[in-house]
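Working through the structure, step by step
The chain contents come next:
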Amino acid sequence: MHISANIMVWFGAFLTLSILSFLYKDNVFYKFAEHLFVGVSAAYWMVIGIWGTLFPNLIAKIYPGGVRFVLPSLADRPPEYYYIIPAILGILLLMRLSKKLGWISRWPLAFIVGTTAGFNLVRYLRSDFIGQVRNTLIPLIVIKDGSFNFIGSFSNTVIIVGVLCGLIYFFFSKEHKGAFGVASRIGIWILMITFGAGFGYTVMARISLLVGRMQFLMGDWLGIINR
Amino acid sequence: MNHIDWFPRKLGIISLVLLVITWGGVLAQAPKDVLSADSLGAPAPAPPTNVRVIDKPNDAGHGLIIRWDLSADDTSGLKNVDRYEVLRSDAPDGEFISRGIVFRGVNEYEDVDDMKPTASSPNPNYMAEGSTWFYKVVALSNQQVYSEPSEIVVGTTRENLFHWGKLPILIAVIIFTAYLLNFIISAKKGKKLYIRPLAGIDAVDDAIGRATEMGKPILFILGLGTAADIATIAGFTILSRVAKKTAEYQTRVLVPVQDPVVLAVAQETVRTAYLEAGRPDQYNSDNIFYVTAMQFPYVAAVNSIMLREKPATNFYMGLFYAESLLLAETGNIAGSIQISGTDQIAQLPFFVAATDFTLIGEELYAASAYLSQEPVQLGTLKAQDYTKAIIMIIIILGAIAITGKWTFIRDIITIHL
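Concerning the overall build of chain A
From N to C terminus, chain A includes 6 helices and 2 strands. The N-to-C order of helical and strand elements in chain A reads α-α-α-α-β-β-α-α. Radius of gyration (C-alpha) of chain A: 28 Å, far over the 17 Å computed for a compact globule of 227 residues. The principal-axis extents of the C-alpha atoms in chain A amount to approximately 70 × 60 × 45 Å. Taken over 227 residues, chain A has a buried fraction of 31%. Taking the intrachain contacts of chain A between residues at least 6 apart in sequence as the baseline, contacts between residues at least 24 apart amount to 25%. When the accessible area of chain A is evaluated, it comes to approximately 14,900 Å², of which 73% is carbon and sulfur surface. Where the 19 positive side-chain charges of chain A centre and where its 8 negative ones centre are 7 Å apart.

Listed below in structure tokens is the structure:
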């Protein structure tokens with residue numbers, strides 16, 4: 001056993017234990033860690049926003065000379081004045097801070113939502129719609145090496161029936177009764193089986209996160225295990 | 001060992017190494033056209049013939065396709081062709097540089113370079129729209145002997161207005177839009193569009209009533225999406241309905257968010273809902289607040305709100321990631337009724353397991369239409385249903401066709417990028 005002499009490791013261990021203490025109940029240690037975590041992350045993202053977005057993507061584009069002392073690699077580029085448009089939209093977004101002019105902020109919001117929805121329409125149609133439909137066009141009867149392949153045929157049939165029943169479950173214009181209801185129920189069963197498999201898979205991934213924290217406490221901090 | 005015995009052998013090895021190095025140098029430095037059967041003792045393959053250059057179709061004007069007839073020694077004759085090398089220059093008498101190599105049997109090369117040069121990263125190989133390039137092709141034998149070069153051919157890049165490979169997408173958009181407009185117009189004319197009941201949505205009013213009876217707030221979480229994510233947009237519609245009800249019942253609704261734009265839209269949504277409920281004075285913008293943009297600090301803050309405020313009902317409507325189970329489990333500990341909805345397949349299992357009602361995937365969008373009863377949303381939902389019917393028909397027919405070895409349906413809907 002070799003307990004760490006590094007004060008930052010001790011602080012990290014204290015914060016880890018403070019967060020884990022939430023498993024018992026809400027307490028002062030958790031509150032401290034939570035407030036520190038939230039405060040630091042909010043400030044961190046604000047700094048990232050300024051130095052990662054505002055300066056390189058806006059100020060350096062409109063007035064490159066303005067970033068000479070902070071981002072010298074961007075200072076000699078020619079100005080791209082069309083970036084004034086997003087700058088104006090950003091300023092309009094801030095209008096909501098004013099009670100009188102707050103309504104103006106709806107325009108950039110509409111622009112953001114509208115343009116992204118438009119872009120996503122084509123993207124989703126390609127990948128989630130046509131691409132997936134195409135990949136479902138598989139033979140119901142699989143012939144391999146000149147003979148009937150039962151496993152392949154069964155697998156393909158399950159995929160096609162599963163997709164069709166799943167689609168029927170998400171059919172909202174018709175009440176799920178009779179044969180339609182049966183297909184819908186098969187669809188939800190297939191979804192639930194998929195969710196069950198997904199649940200197990202993700203839980204395993206989460207356990208690996210817990211193992212990582214335990215290794216920090218037992219290894220880096222207390223030195224009980226070798227990392 | 002006798003020094004005199006091994007000395008000539010060592011000398012021989014050194015001579016051989018020097019000879020190899022010398023020949024290697026000759027091979028490396030000699031112009032490709034000079035390497036021939038005479039200089040190496042191995043026969044050179046016949047050059048590729050009938051070289052032609054065409055504009056790369058369906059692109060923004062940054063590529064050319066070079067095709068040729070295979071060397072006479074590729075699949076027949078000497079059969080000594082190992083690969084073909086495509087050489088390019090910006091002038092017929094300029095310096096030709098290698099642009100790529102393809103193996104024997106291949107008679108096509110796609111020359112593309114769309115990396116526009118900048119001051120910091122110059123790119124002399126950039127193929128601008130309308131630029132003209134000269135090509136020749138040489139065959140290389142398996143003995144590393146180059147053929148005579150082919151004739152020089154010329155090609156010019158062209159920007160294409162339409163990407164024919166994406167035609168299926170256009171057809172899908174046209175069909176969907178036609179359905180959409182038809183149903184929206186019908187709904188606006190007052191036609192009743194049926195939507196089947198959704199269990200999770202029927203529970204919304206009960207959950208709001210429960211919060212009112214208990215005198216506790218409602219917590220509405222829009223997830224980690226941006227204001228442009230479809231799941232978040234659906235979440236706004238449900239938030240609007242919930243906020244309107246809470247305004248009528250005078251129940252507090254808390255909306256912690258992690259994105260500044262989502263904050264703006266959420267505040268606007270709740271403000272409008274309170275206005276529609278006739279209680280604009282009750283609207284408190286502090287109840288819709290920004291926490292942080294980082295995932296787990298956001299979770300830590302929301303979890304503590306759940307335990308300290310003890311909301312009667314928690315809504316999770318939007319885009320969720322790894323935080324879904326952390327939030328839903330804490331809500332369980334706090335004893336809240338929980339209604340969730342997301343289109344994130346990986347997170348749905350957690351919501352199904354840990355919340356009382358879950359809107360699965362498209363049910364979230366349907367719920368938004370069901371609650372709002374707006375013609376646009378109802379029409380969209382109907383159009384989606386009819387599009388699903390078309391998909392089912394395509395899948396059934398396509399699967400039968402593929403089983404019978406007919407690939408035409410699959411070919412029709414194939415996107416060539």
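Observations regarding the domain arrangement of chain B
Each assigned domain of chain B is listed with its residue range as follows: domain 1 (1-30), domain 2 (33-156) and domain 3 (193-373). Centre-to-centre, using C-alpha coordinates, domain 2 of chain B lies 61 Å away from domain 3 of chain B.

Overview of the sheet that holds strand β9 (residues 253-257) of chain B
Think of a sheet as strands paired side by side through backbone hydrogen bonds, with each pair either parallel or antiparallel. All names here are of chain B. One open sheet accounts for 6 strands, arranged β10-β9-β8-β11-β12-β13; its pairing is parallel. Pairing within the sheet leaves two strands with one partner each, and these edge strands are β10 (288-290) and β13 (357-360). Strand-to-strand twist across the sheet, computed as the mean angle between neighbouring axes with direction ignored, equals 15 degrees. Alignment of strand β11 (residues 313-319) against strand β12 (residues 337-342), held across 5 bridges, turns out to be parallel. Opposite F315, over in β12, you have I339 as the bridge partner.

A few points about the confidence of the model for chain B
Residues and elements named next belong to chain B. Within chain B, residue pLDDT values average 87, and 90% of them lie at 70 or more. Long-range and interchain partners of residues 1-7, a stretch whose pLDDT sits below 50, account for 1 contact in this model, where long-range means more than four residues apart. Considering only residues more than four positions removed or in separate chains, one finds that residues 21-38, a stretch of pLDDT under 50, has 24 contacts.

Some remarks on the sheet that holds strand β3 (residues 81-89) of chain B
Residues and elements named next belong to chain B. In space, the 4 strands of this open sheet follow the order β4-β3-β6-β7, with antiparallel pairing throughout. What marks the edges here is a single partner per strand, and that holds for β4 (97-103) and β7 (153-156). Between one strand axis and the next, the sheet turns through 30 degrees on average, direction left out of account. The pairing of β3 with β4 spans 6 bridges and is classified as antiparallel. Bridge pairing links R88 to I97 in β4.

Side note on the interface of chain B and chain A
Each partner contributes residues to the interface: chain B has 69 residues there, and chain A has 56 residues. Each partner contributes to the roughly 5,600 Å² buried at the junction of chain B and chain A, and carbon and sulfur atoms together form 74% of this total. If you sort the residues of chain B by the area they bury against chain A, R196, R308 and I395 of chain B come out on top, with a joint share of 11%. Seen at the junction of chain B and chain A, the total is 4 salt bridges. Between R106 of chain A and E268 of chain B there is a salt bridge, and its shortest N-O distance comes to 2.6 Å. Along the contact surface separating chain B from chain A lie 21 residue pairs in polar contact (both at pLDDT 80 or more). No other element matches the 15 residues that helix α11 (residues 375-403) of chain B contributes to the side of chain B that touches chain A. The class makeup of the residues in the side of chain B that touches chain A is 46 nonpolar, 12 polar and 11 charged.

Some details on the confidence of the model for chain A
The share of residues in chain A with pLDDT of 70 or more is 99%, and the mean pLDDT across the chain is 89. At the low end of the mean pLDDT range in chain A sits helix α4 (residues 106-136) of chain A, at 85; at the high end sits helix α5 (residues 150-169) of chain A, at 95.

What about unusual backbone geometry?
Residues other than glycine seldom take positive phi values, yet D145 of chain A does so here, at roughly 50 degrees. Along the chain, D145 of chain A falls in the loop between β1 (143-144) and β2 (147-148). By relative accessible area, which is 78% here, D145 of chain A ends up exposed. At Q250 of chain B, a position not held by glycine, the phi torsion is positive, near 55 degrees. Mapped onto the elements of the fold, Q250 of chain B is located in the loop between α5 (230-249) and β9.

Details of the environment of I65 of chain B
All names here are of chain B. Considering the arrangement of structural elements, one finds I65 in strand β2 (residues 63-69). Note on I65: relative accessible area 5%, which makes it buried. Residues I65 and D259 lie 194 residues apart in sequence; the distance between their C-alpha atoms is 46 Å. Contacts of I65, omitting those with residues within four sequence positions, involve R52, V53, I54, K56, P57, E108, Y109 and E110.

Rules of the game
- Residues numbered from 1 in each chain as written.
- Chains lettered and ligands numbered in written order.
- Predicted model: local features only at pLDDT ≥ 70, side-chain atom pairs only at ≥ 80, totals over all residues.
- Heavy atoms only, no water.
- Helix = DSSP H or I, 4+ residues; strand = E, 2+ residues; numbered from the N terminus.
- Rg over C-alpha atoms; globule rule 2.2 N^0.38 Å.
- Buried < 20%, exposed > 50% of the residue type's maximum accessible area, 1.4 Å probe, protein only.
- Contact = heavy atoms within 4.5 Å.
- Areas by Shrake-Rupley, 256 points an atom, 1.4 Å probe, with all protein chains shown as cover.
- Lys, Arg positive; Asp, Glu negative; His and termini not counted.
- Charge placed at Lys NZ, Arg CZ, Asp CG, Glu CD.
- Domains from an automatic or database assignment.
- Pairing = 2+ DSSP bridges.
- Axes fitted to C-alpha atoms, helices over the stretch in contact; angles between N-to-C directions.
- pLDDT = per-residue confidence, 0-100.
- Buried area = accessible area lost by both parts, 1.4 Å probe.
- Salt bridge = Lys/Arg side-chain N within 4 Å of Asp/Glu carboxyl O.
- Polar contact = N/O pair within 3.5 Å; in protein donor to acceptor, adjacent residues only side chain to side chain.
- Nonpolar A, V, L, I, M, F, W, Y, C, P; charged D, E, K, R; others polar.

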